[in-house]
Amino acid sequence: MGHKVSYEQANAAFAKLSEEYEIWAPKRFPKKGRYSDTDMIRYDKVSSVEEIEYKEKSDMPAKEVLTPISESLFYFTEDEYIESKATSKKLLIFMRPCDIHAQHHQEKIYLSNGNFEDMYYKRMNEKVKIVMMECTEGWDTCFCVSMGTNKTEDYAAAVRFCDGELLMDVKDAELAPYFDGTAADFKPEYIEKNQISLTIPEIPNKEVLTKLKNHPMWNEYNSRCISCGACTVACATCTCFTTTDLIYNENANVGERKRTTASCQVKGFDDMAGGMSFRKTAADRMRYKVLHKFHDYKARFKDFHMCVGCGRCVDRCPEFISIVATVNKMSKAIDEIVAEQK
Amino acid sequence: MLQLRVPAGLVNAKHLALVQELCETYGDGTFHIGTRMTFDIPGIKYENIEACNKKIKEYIQDVDVEMCGVDMETIAHQPAEYDEDGGYPTIGARNIMACIGNRHCIKGNANTQELANKIEKLIFPSHYHVKVAVAGCPNDCVKANFNDFGIMGIYKQEYDIDRCIGCGCCVDACQHAATGVLTLNKDGKIDKDACCCVGCSECSIVCPTGAWSRSTKPLYRVTLGGRTGKQNPRAGKLFLNWVTEDVILGMFANWQKFSAWALDYQPIYLHGGHLIDRVGYKEFVKHIFEGVEFNPEAKMADDIYWAENEQRGNMHVMPLSQHKHAGPQEKK
């Protein structure tokens, strides 16, 4: 049902909601950006509408709410362990359509991939209610339309931010009472065309794939990519993490197990016990990531490409590497290889 | 040769039309990029000086008065008559140089132009000489280190251990581009030798997660006493570290007063650094920081021992009668 809610009314609703919910939304951290006098926009708990940064795309994706960069899984002593506690409140998360699609990928990997349910993810995920932030303009690094992630119906409520008021579409019965008496017509709109578009190449057969893996196009990234992992940390869909046992001082048998975001772009990611590793150069790692997002994932799950086109990897790369340019180069390489085959 | 002041080396491009016109109408048709980032117009004939000075009235108004807020009716903070058709009233305080700073450079920690323009207002017009340059970071592309005052934008860096993924990029960046104060520890987190950190922000620039970020308080380091010259050129020495803009502006607000005292109120042509030498570092500090309040992070050199690159032997050894003195002078 549609609603027209003033900031004042919304803040009153936020206050009431806060008894039951943690409200998470993109928030601006002034002067905390990569470059001086630039800001960082990332997810944080908010208690008022004014704190929500809706005019700009967040640097970091919504996934940080459910899977923070580092989290404690359990604490152990010499003879027992205690699980960490998830928040006792429900989670109301403001997300754009691309982040909502990314959330579906996250669920697939954490909850059903390999028939394994990650309980630390599950206990957070089941608390989530999504507030979709209407997104009709996008930015110069967005290509959600190309990836088919510009639209979604999967939300408890949708919101359009206007000056001083919100237009909302509240679908969730639990949320509806918080907005009583504000009825108005509203249905969210979606972006239909981005400033950039991407044609995803088809890799017709295994021989082409093998040749593509060895194509010289990847060599460029040996000199450009610094293997920092910014693209995967900023990626709305990446899920990789590593676990570390943090041993408390003075007693090596007491400590905690933490999990920390990991990146296939960082050297050492694929180091095996025994010293073997598979992707030794930045080019190898870049190729692995690009094929994963634009080929392998879909080949395995038979539904969608993994990339949702949020463009955050482009925004955050300290070397200004563009995934769009990279995929276009890949398309060209595939065309070359296919032409040779004929 | 006519030199137009270009504070921070940055003005609206529309002024280039004037520069070309001056070069072609009054100069010899060539243009020189001044070594201190001025617009230099070579070959102006004596008889054209007056016309040239008239022609640059608007430029001075736009750049010094409007952009920097300079009061042209004072010289060294004293009331003085200003003839707006007469060109620049003084040449003592040299053009303030700056790199492009964070308005364009990703390494820059400071908006160098904004600071340079604020300093311009404090040191110009004046017959007392001083050379100042502002660098956006300690990489010091503008070679501030060879100025009397070399200012470099820095930040204290903050580390959010919970956002660190242990990629090690900051360790590599610091080792490669800065002072190598970071190490990756056994828990996959970062240890830092804070003492040797130069505040350059290389760690924050490469950090993939924002675990490293600049503090929200812009700070500066300042080198003192750098100079070129035929007699005794030398690099500056670290003078101030982690000081705020307020400290810097407070210091420059005292420069004219210090110069006047050191030269017994006779604005003779003598490079600013030599005044500091005559007075002695410890005495200089008393004058230059009069009424200036330091921020809590600020550090200042207790003493400075410059290493002079002697162009001639025995340069400081001379008859007593030739020794130079600061403060009240015997009238000759």
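Cut-offs and rules
- Residues numbered from 1 in each chain as written.
- Chains lettered and ligands numbered in written order.
- Predicted model: local features only at pLDDT ≥ 70, side-chain atom pairs only at ≥ 80, totals over all residues.
- Heavy atoms only, no water.
- Helix = DSSP H or I, 4+ residues; strand = E, 2+ residues; numbered from the N terminus.
- Rg over C-alpha atoms; globule rule 2.2 N^0.38 Å.
- Buried < 20%, exposed > 50% of the residue type's maximum accessible area, 1.4 Å probe, protein only.
- Areas by Shrake-Rupley, 256 points an atom, 1.4 Å probe, with all protein chains shown as cover.
- Lys, Arg positive; Asp, Glu negative; His and termini not counted.
- Charge placed at Lys NZ, Arg CZ, Asp CG, Glu CD.
- Contact = heavy atoms within 4.5 Å.
- Pairing = 2+ DSSP bridges.
- Axes fitted to C-alpha atoms, helices over the stretch in contact; angles between N-to-C directions.
- Buried area = accessible area lost by both parts, 1.4 Å probe.
- Salt bridge = Lys/Arg side-chain N within 4 Å of Asp/Glu carboxyl O.
- Polar contact = N/O pair within 3.5 Å; in protein donor to acceptor, adjacent residues only side chain to side chain.
- Core = buried A, V, L, I, M, F, W, Y, C linked by side-chain atoms within 4.5 Å.
- Patch = residues over 30% accessible without salt bridge, like charges linked within 9 Å, V, L, I, M, F, W, Y side chains within 5 Å.
- Phe/Tyr/Trp six-rings, centres within 6.5 Å; stacked < 30°, edge-to-face > 60°.

This next bit is on the overall build of chain A. Summing up its helical and strand segments, chain A has 11 helices and 11 strands in all. A globule of 342 residues ought to have a C-alpha radius of gyration of about 20 Å, and chain A, at 22 Å, matches this closely. Summarising its shape, the C-alpha atoms of chain A cover approximately 65 × 60 × 45 Å along the three principal directions. Here chain A holds 342 residues, and the buried ones make up 55% of them. A total accessible area of about 16200 Å² is found for chain A, and carbon and sulfur atoms account for 51% of it. Here chain A contributes 48 positively and 53 negatively charged side chains, and the mean placements of these two sets differ by 5 Å.

The next point concerns the overall build of chain B. Within chain B, the regular secondary structure consists of 10 helices and 15 strands. Compactness check: chain B gives a C-alpha radius of gyration of 22 Å against a globular reference of 20 Å for 332 residues, within 12% of the reference. Viewed in the frame of its principal axes, chain B has a C-alpha envelope of about 75 × 55 × 40 Å. Counting over 332 residues, chain B shows a buried share of 52%. Long-range pairs, those at least 24 residues apart, make up 69% of the contacts in chain B between residues at least 6 apart in sequence.

Before going further, it helps to examine the sheet that holds strand S6 (residues 90–95) of chain A. Two modes of strand pairing occur in sheets, parallel and antiparallel, and in both the strands are linked by backbone hydrogen bonds. Residues and elements named next belong to chain A. Strands sit in the order S1-S9-S8-S7-S6-S2-S3 across an open sheet of 7 strands; the sheet is mixed. One side of each edge strand has no neighbouring strand; the edge strands of this open sheet are strand S1 (2–6) and strand S3 (40–45). On average, adjacent strands in this sheet sit at an angle of 25° to one another, irrespective of strand direction. Alignment of strand S8 (residues 157–162) against strand S9 (residues 165–170), held across 6 bridges, turns out to be antiparallel. Across the sheet, residue Ala-158 finds its bridge partner in S9, namely Asp-169. Here helix H1 (residues 7–17) sits on the sheet in contact with S1, strand S2 (21–29), S6, S8 and S9, set at roughly 100° to S1. Docked against the sheet, helix H3 (residues 97–112) engages S3, S6 and strand S7 (128–133), running at close to 150° with respect to S7.

Here we come to the pairing of S9(A). Residues and elements named next belong to chain A. Counting buried positions over the 6 residues of S9 gives 5, a clear majority of the element. Pairing between S1 and S9: 5 bridges, direction antiparallel. From the neighbouring strand, Ser-6 faces S9, where its bridge partner is Glu-165. As consecutive antiparallel partners, S8 and S9 are separated by 2 residues, and within that stretch Gly-164 has a phi angle of approximately 80°, a positive value.

A few words on the interface of chain B and chain A. Interface extent is often summarised as the accessible area lost during association of the parts. Contacts between chain B and chain A engage 27 residues on the former and 29 residues on the latter. Buried surface at the junction of chain B and chain A, both sides included, amounts to about 2200 Å², of which 50% is carbon and sulfur. Counting every contact that joins chain B to chain A gives 3 salt bridges. Linking B:Glu158 and A:Lys32 is a salt bridge whose minimum nitrogen-to-oxygen distance equals 2.5 Å. The tally of links from chain B across to chain A stands at 15 residue pairs in polar contact (both at pLDDT 80 or more). Broken down by secondary-structure element, the contributors of at least two residues to the side of chain B that touches chain A are helix H6 (202–206) and strand S12 (212–214) of chain B. Here the element with the most residues in the side of chain B that touches chain A is H6(B); it accounts for 3 residues.

Residue and element names in this part refer to chain A. Under the counting rule described, the total for this entry stands at 46 salt bridges over all chains. In this structure, Arg-160 engages Glu-134 in a salt bridge whose closest nitrogen and oxygen atoms are separated by 2.7 Å. With Arg-160 in strand S8 and Glu-134 in the loop between S7 and helix H5 (144–147), this residue pair connects regions lying 26 residues apart in the sequence. On the basis of relative accessible area, Arg-160 is assigned to the partly exposed category, the value being 24%. Among the salt bridges present, the one from Asp-169 reaches Lys-187, with a minimum N-O distance of 3.3 Å. With Asp-169 in strand S9 and Lys-187 in the loop between S9 and helix H6 (206–213), this pair connects stretches of sequence that are 18 residues apart.

Let us look at the sheet that holds strand S13 (residues 219–224) of chain B. All names here are of chain B. On the basis of which strands lie adjacent, the open sheet formed by 6 strands has the order S6-S7-S8-S13-S14-S15 and mixed pairing. Edge positions in the open sheet fall to strand S6 (97–98) and strand S15 (299–300), since each of these has one partner strand only. Of the pairings in the sheet, the one linking S6 to strand S7 (residues 132–135) comprises 2 bridges and is parallel in character. Directly across from Ala-98, in S7, lies its bridge partner Val-134. Of the strands in this sheet, strand S8 (149–154), S13, strand S14 (237–243) and S15 touch helix H10 (residues 281–288), which is tilted by about 35° from S14.

Among the nonpolar cores identified, the biggest contains 47 residues, and B:Ile119, B:Phe149, B:Ile151, B:Phe239, B:Phe252 and B:Phe284 are the most heavily contacted of them. Within the second largest apolar cluster, 30 residues are counted, among which are A:Ile203, A:Cys313, A:Met330 and A:Ile337.

Together, B:Asp71, B:Glu73, B:Glu81 and B:Asp83 make up a negatively charged patch on the protein surface. Note on placement: B:Asp83 falls in the loop between strand S5 (78–79) and S6.

Moving on to the packing of aromatic side chains. Residues and elements named next belong to chain A. Tallied over the full model, the rule gives 22 aromatic pairs over all chains. Ring centres of Phe-94 and Phe-161 lie 6.4 Å apart, and the angle between their planes is 45°; this geometry places the pair in the tilted category. Of the two residues, Phe-94 sits in strand S6 while Phe-161 sits in strand S8, which places them 67 residues apart along the sequence. For the residue pair Phe-94 and Phe-161, the accessibility class agrees, reading buried in each case.

The subject of this paragraph is the pairing of S13(B). Residues and elements named next belong to chain B. Extensive coverage of S13 is indicated by the burial of 6 of its 6 residues. Taking every second residue as pointing to the same face, both faces of S13 are buried, with Leu-219, Arg-221 and Thr-223 on one and Tyr-220, Val-222 and Leu-224 on the other. Examined bridge by bridge, S8 and S13 share 6 bridges and lie antiparallel to one another. Note on S13: the bridge partner recorded for Gly-153 is Tyr-220.

What follows concerns unusual backbone geometry. All names here are of chain B. Residues Phe-124 and Pro-125 are joined by a peptide bond in cis, for which omega reads -5°. Topologically, Pro-125 is positioned in the loop between helix H4 (112–123) and S7. Despite not being glycine, Ala-8 shows a phi value in the positive range, around 65°. Relative to the helices and strands, Ala-8 resides in the loop between strand S1 (2–4) and helix H1 (15–25). Judged by relative accessible area, Ala-8 falls into the buried class, the value being 7%. With phi around 50°, Asp-264 is a residue other than glycine that occupies positive phi space.

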